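Below are the chains, spelled out letter by letter.
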Amino acid sequence: MFKAMLIAGAGGFIGTCGRYLIGRWCSWMFNGSFPLGTFMVNIIGCFLFGLLFGLLERHDVATPHANVLLITGFCGGFTTFSSFANDMFDLGGSGHWPSLALYLSASVVCGVALVWLGRAIMR
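Residues numbered from 1 in each chain as written. Predicted model: local features only at pLDDT ≥ 70, side-chain atom pairs only at ≥ 80, totals over all residues. Heavy atoms only, no water.

Focus: the nonpolar core
Inference 1: Ranked by size, the top nonpolar core spans 9 residues in total: F34, F39, I43, F84, M88, L91, L100, Y103 and A106.
Inference 2: Of all the secondary structure elements, the ones that give two or more residues to this core are α2 (36-58), α4 (81-93) and α5 (97-121).
Inference 3: Each residue touching F39, except ones within four places of it in the same chain, is listed here: F34, Y103, A106, S107 and C110.
Inference 4: One finds L52, L56, I71 and C75 within the second-largest nonpolar core, a separate group that totals 5 residues. (Core = buried A, V, L, I, M, F, W, Y, C linked by side-chain atoms within 4.5 Å. Buried < 20%, exposed > 50% of the residue type's maximum accessible area, 1.4 Å probe, protein only. Helix = DSSP H or I, 4+ residues; strand = E, 2+ residues; numbered from the N terminus. Contact = heavy atoms within 4.5 Å.)

Focus: the packing of helix α1 (residues 2-29) against α2
Inference 1: Close contact between α1 and α2 brings their axes to 8 Å; oriented N to C, the two are set at 140°. Looking at the two axes, α1 sits oblique to α2. The chirality of how α1 crosses α2 is right-handed. In this structure, α1 contributes R19, I22, G23 and C26 to the contact, and α2 contributes L36, G37, M40, V41 and I44. (Axes fitted to C-alpha atoms, helices over the stretch in contact; angles between N-to-C directions. Parallel < 35°, antiparallel > 145°, perpendicular 65-115°, else oblique. Left-handed = near helix turned anticlockwise from the far one by under 90°.)

A short note on the packing of aromatic side chains
Inference 1: Enumeration over the complete set of coordinates arrives at 7 aromatic pairs.
Inference 2: Considering the side-chain rings of F74 and F78, the 5.6 Å spacing of their centres and the 10° angle between planes classify their relative orientation as stacked. With F74 and F78 both in helix α3 (residues 64-78), this residue pair falls 4 residues apart, about one helical turn.
Inference 3: Given the relative accessible area of 4%, F78 is considered buried.
Inference 4: On the basis of an interplanar angle of 55° and a centroid distance of 5.1 Å, the ring pair of F84 and Y103 is categorised as tilted. With F84 in helix α4 and Y103 in helix α5, the pair connects residues that are 19 residues apart, well separated along the chain.
Inference 5: What makes F84 buried here is its relative accessible area of 10%.
Inference 6: Counting every residue linked through ring pairs, the aromatic cluster contains F34, F39, F81, F84 and Y103. (Phe/Tyr/Trp six-rings, centres within 6.5 Å; stacked < 30°, edge-to-face > 60°.)

A look at the state of the cysteines
Inference 1: All told, the structure shown has 0 disulfides when counted by the stated rule.
Inference 2: C75 supplies the cysteine sulfur nearest to C17, a cysteine that is in no disulfide, at a spacing of 15 Å.
Inference 3: Residue class for C17 comes out partly exposed when judged on its relative accessible area of 31%.
Inference 4: Looking at the unpaired C110, the closest cysteine sulfur is the one in C46, lying at 9.2 Å.
Inference 5: Of the residues examined, C110 reaches a relative accessible area of 28% and is grouped as partly exposed. (Disulfide = S-S within 2.5 Å.)

Describing a nonpolar patch on the surface
Inference 1: Together, M1, F2, M5 and L6 make up a nonpolar patch on the protein surface, roughly 540 Å² of accessible area in all.
Inference 2: Structurally, the position occupied by M5 is in helix α1. (Patch = residues over 30% accessible without salt bridge, like charges linked within 9 Å, V, L, I, M, F, W, Y side chains within 5 Å. Areas by Shrake-Rupley, 256 points an atom, 1.4 Å probe, with all protein chains shown as cover. Salt bridge = Lys/Arg side-chain N within 4 Å of Asp/Glu carboxyl O.)

Concerning the packing of α2 against α5
Inference 1: Relative to each other, α2 and α5 sit at 25°, their axes nearing to 7 Å. Here α5 runs roughly parallel to α2, going by the angle between their axes. The two elements α2 and α5 meet at a crossing, and its hand is right-handed. In contact with T38, F39, I43, C46, F47, F49, G50, L51, F53, G54 and E57 of α2, α5 contributes Y103, A106, S107, C110, G111, L114, V115, L117, G118, R119 and I121.
Inference 2: The residue makeup of the contact of α2 with α5, split by class, is 14 nonpolar, 6 polar and 2 charged. (Nonpolar A, V, L, I, M, F, W, Y, C, P; charged D, E, K, R; others polar.)

Shape is all these values report; function is a separate question.
Written out as structure tokens, the structure reads:
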């Protein structure tokens, strides 16, 4: 169990660093009410999740350690539901209702579509 926690932590560290870098880059490139950084990491993460899950499933390489490293660790550290929820709260609190509606709908639709696409590519 301790080994699996270290593996998940290593994957999470890499994913969190990637999330931070993409978030900073998006903040630097785009200044507006739409939380582009969180949106980008979440939809990229959904696509990677679909690709990785499909790869592990299709090629029968779904060892417990590969799953923990890539899915639980990396994708879990890379994506962020809590930031998404906080962004929704901030958009609503500041009256940016069109951005809130776009963010909510685009996050859900794109997220599900990209998980599906990633898994479909690996079939």
